[in-house]
Amino acid sequence: MRSSILFLITAILLAGCGETIGDVKKAAAGINSKANEAATAISTDVHSIRSVEIEFDNETFTINDLFKTILRDVQWYYDENEDEQQLKITGTWQDNGLFAEGNFLEAEKQQLIENSKIEVVLYFHKGVLEEKKTTVSMNQNGQTIIDQKGSESLHHFYKVYTMN
């Protein structure tokens, strides 16, 4: 008898909670769906920008190929405002001719490999790369070693890529 009463009370309590649990599940599913839509939209834009082709010195390559080849530990950050898109690429230095004008000693090269952070910011207007707005910097231990702007700095990356 006691177990029947306990069962009846439990059933009554759970019946009232069923609708609430269902509502919570629906709300969570809606939030998850919107989050997935936003992530897909952003990643689609990033992938389309990364697949932009560059023609340089009789070679064609993508932005993705360029930076995945000449930098290590590459990360991508995308931002869009009206007609302008901004792609920030960060990574670490590797000894492949990048910034060779620095004439780094072997000990300095090892420090750059271990402790540098390179940041390249590319700007696009309606999907077209605006090379002249490019910014490039390299920092080591909080100190800026390289700070460049313009298409010439981006062309240096192209040259390093085509030499490798």
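In this text the structure is predicted, and so the values were computed from the model without any measurement. (Residues numbered from 1 in each chain as written. Predicted model: local features only at pLDDT ≥ 70, side-chain atom pairs only at ≥ 80, totals over all residues. Heavy atoms only, no water.)

S.K.: Help me get a handle on the side chain of Gln 140, residues and values and all.
M.R.: Relative to the assigned elements, Gln 140 resides in strand β7 (residues 135–140). Note on Gln 140: relative accessible area 15%, which makes it buried. Among the polar contacts listed, one links the side chain of Gln 140 to the backbone oxygen of Gln 111, at a separation of 3.4 Å. Apart from the residues within four sequence positions on either side, Gln 140 is in contact with Gln 111, Leu 112, Asn 115, Ser 116 and Ile 145. (Helix = DSSP H or I, 4+ residues; strand = E, 2+ residues; numbered from the N terminus. Buried < 20%, exposed > 50% of the residue type's maximum accessible area, 1.4 Å probe, protein only. Polar contact = N/O pair within 3.5 Å; in protein donor to acceptor, adjacent residues only side chain to side chain. Contact = heavy atoms within 4.5 Å.)

S.K.: Give me the lowdown on the pairing of strand β5 (residues 116–125), citing residues and values where you can.
M.R.: Extensive coverage of β5 is indicated by the burial of seven of its ten residues. Relative to β5, strand β4 (residues 84–92) runs antiparallel, the two being bridged by eight bridges. Bridge pairing in β5 links Gln 86 to Tyr 123. Pairing of β5 with β7, which is carried by six bridges, proceeds in the antiparallel orientation. Paired with Val 120 across the bridge in β7 is Val 136. Relative to strand β6 (residues 128–129), β5 runs antiparallel, the two sharing two bridges. Bridge pairing in β6 links His 125 to Val 128. Taken together, β5 and the strand that follows it, β6, pair antiparallel across an intervening segment of two residues, in which Lys 126 is found at a positive phi of about 55°. (Pairing = 2+ DSSP bridges.)

S.K.: Any details on the confidence of the model for the protein chain? Residues and values, ideally.
M.R.: Of the residues in the protein chain, 73% reach a pLDDT of 70 or more, and the chain-wide mean stands at 82. Counting contacts from residues 35–42, a segment whose pLDDT is below 50, to residues more than four positions away or on other chains yields zero contacts. (pLDDT = per-residue confidence, 0-100.)

S.K.: Report on the pattern of salt bridges, specifying residues and quantitative values.
M.R.: Tallying each qualifying case throughout the model produces six salt bridges. Between Lys 109 and Asp 95 there is a salt bridge whose closest N-O contact spans 3.4 Å. One end of the pair, Lys 109, is in helix α3 (residues 106–115); the other, Asp 95, is in the loop between β4 and α3, with 14 residues separating them in the sequence. Using a relative accessible area of 18% as the deciding quantity, one classes Lys 109 as buried. A relative accessible area of 46% places Asp 95 in the partly exposed class. (Salt bridge = Lys/Arg side-chain N within 4 Å of Asp/Glu carboxyl O.)

S.K.: I'd like a rundown of unusual backbone geometry, residues and numbers included.
M.R.: Glycine aside, residues mostly have negative phi angles, and peptide bonds mostly take the trans form. Even without being a glycine, Asn 58 presents a positive backbone phi close to 60°. Position of Asn 58 relative to the elements: it lies in the loop between β1 (53–56) and β2 (59–62). Backbone geometry at Asp 73 places phi at a positive 55°, although glycine is not the residue there. Relative to the helices and strands, Asp 73 is located in strand β3 (residues 72–81). Under the relative-accessibility criterion, Asp 73 is labelled exposed at 53%.

S.K.: Residues and numbers for the pairing of β1, please.
M.R.: Side chains of β1 alternate between two faces, with Ile 54 and Phe 56 buried and Glu 53 and Glu 55 left unburied. Of the pairings in the sheet, the one linking β1 to β2 comprises four bridges and is antiparallel in character. Looking at β2, one finds that Glu 55 is bridged to Thr 60. Turn length for the β1-β2 hairpin, with the two strands adjacent in sequence and antiparallel, is two residues, and the turn residue Asp 57 shows positive phi of about 55°.

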